[in-house]
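Overview (structure and organization)
Here are the chains, one letter per residue:
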Amino acid sequence: MTVGRFPLTRLRRNRQDRFTRRLVAESSLSIDDLIWPIFVMEGSNSVTDVASMPGVQRVTLDRLAAHVETAAKLDIPALALFPITPSEVRDEAGTEALNPDNLMCRAARLLKKEFPDMGLIGDVALDPYTNHGHDGIIQDGYVVNDKSVDILKVQATNQAAAGIDIIAPSDMMDGRIEAIRRDLDENGLINTRIMSYAAKYASAFYGPFRDALGSGGLLKGDKKTYQMDPANSDEALREVETDLLEGADMVMVKPGMPYLDIIRRVRDSFSVPTFAYQVSGEYAMLMAAIQNGWLDHERAVMESLLAFKRAGANGILTYFAIEAAQRIKAQ
Ligand SMILES: NCc1[nH]cc(CCC(=O)O)c1CC(=O)O
Ligand SMILES: [Mg+2]
């Protein structure tokens, strides 16, 4: 790269007005980049706030269509669905995950019918269904891999059969992508896509999400024996590579903002569709500062999202999806 010398070169020339800044911008955020995570709960005619995520709500199925209508009108391409399972339905083995009529599957059927063009992403992991809050099943105090995978693949196929377009395994068991791919294929679901949460870290930033699900208080210990160590970066590339070899169509890095370096490495190394999850704790952190008047709402949110694009993400799962789409549209 050739860098001119001052005063022949003045890098500020290209920054002096809006039209030039627009012409030289290296990345941009569009509505096409947004995935909106939503929380669905049992019951009827009810919408509740998630205390640690101001502006985020849980909705009952009968309110879901109205909730999603906003996203559909803004032409947001896809939703990520998260079911809230009442504690009396949770058990040691996460049995409800295998119920083809569980909340997730009912939500998927309803949404596919009401909004056939909206992409539906289904999280696959056992934590919404276990009474210990872990993503797999536990034997002798350890989340066992292969037996968990045997359950997860059925959970995934049930979701796909109910109308989920993109299976998103967030459990971090080894080998689950291949097991899920084969199970989907054996059931004729060859076009169901898999967006693997390939590099998912054992992070403090999932706290508010676990509040939203009601799994926070249940969780015994931590998820460090399956989710990645925040110290590691080379390992993320191995995780992504294995998932791609096992048939993942798209990969995800999670959390987002503290892991922009991982997004960049994944994108540069594999050139595959790469997504970032701006997780609940990132949302909570920004909203807390915004509500205190310490950060400018619009600028802080839009900058945080653009940063993902600059880092190489093709799209972003974000609780800000609706407001970001509204702001993009208003530009
Ligand atoms: N496997 C479940 C799952 N799927 C998405 C999130 C977190 C999302 C967020 O914090 O917004 C989690 C929590 C966890 O792994 O404990
Ligand atoms: Mg893996």
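From a predicted model like this one, the values you see are computed outputs, not experimental measurements. In this convention, every chain numbers its residues from 1, walking through the sequence in written order. Chains carry letters from A onward and ligands carry numbers from 1 onward, assigned in written order. Whole-chain, interface and lining totals are the exception, using all residues; otherwise, since this is a predicted model, local features are given only for residues with pLDDT of at least 70 and side-chain atom pairs are given and counted only at 80 or more. Heavy atoms from the whole structure form the basis of all side-chain values; hydrogens and water molecules are not counted.

Once that is clear, we can look at the pairing of strand β4 (residues 78–84). Counting buried positions over the seven residues of β4 gives seven, a clear majority of the element. Here's how the labels work: a residue is buried when its accessible area is under 20% of the maximum for its type, exposed when over 50%, partly exposed in between, all with a 1.4 Å probe on protein chains only. Counting from the N terminus, the helices are DSSP H or I runs at least four residues long and the strands are E runs at least two residues long. Residues A78, A80, F82 and I84 point to one face of β4 and L79, L81 and P83 to the other, with burial holding for every one of them. Where strand β1 (residues 34–41) and β4 come together, seven bridges link them in parallel fashion. Among the inter-strand pairings, W36 is bridged to a residue of β4, identified as L79. Only strands that DSSP links by at least two bridges are regarded as paired with each other. Pairing analysis gives four bridges linking β4 to strand β5 (residues 119–124), with the strands arranged parallel. Bridge pairing in β5 links A78 to G119. When the strands point away from the viewer and the path from the first strand over the helix to the second turns clockwise, the crossover is right-handed. Regarding topology, helix α3 (residues 103–114) serves as the crossover connection from β4 to the parallel β5, and that connection is right-handed.

Pairing of aromatic side chains requires ring centres within 6.5 Å, counting the rings of Phe and Tyr and the six-membered ring of Trp. Pairs whose planes differ by under 30 degrees are stacked, by over 60 edge-to-face, and all others tilted. One pass over the full model with this rule turns up 10 aromatic pairs. Look at F82 and F209: their rings are 5.0 Å apart centre to centre, the planes differ by 85°, and that puts the pair in the edge-to-face class. Highlighted residues: F82 in strand β4 and F209 in helix α6 (residues 207–213), separated in sequence by 127 residues. Relative accessible area serves as the criterion here: at 3%, F82 is assigned to the buried category. The exposure class assigned to F209 is buried, which follows from its relative accessible area of 13%. Relative to Y259, the ring of Y201 has its centre 4.3 Å away and its plane inclined at 25°; by these criteria the two rings are stacked. With Y201 in the loop between β9 (193–200) and α6 and Y259 in the loop between β10 (250–254) and α8 (260–270), this residue pair connects regions lying 58 residues apart in the sequence. The same class applies to Y201 and to Y259, which are both buried. Either the NZ atom of lysine or the CZ atom of arginine qualifies as a charge over a ring when it sits within 6 Å of the ring centre and within 35 degrees of the ring normal. The ring of Y206 has K200 lying over it, and the distance from NZ or CZ to the ring centre is 5.3 Å.

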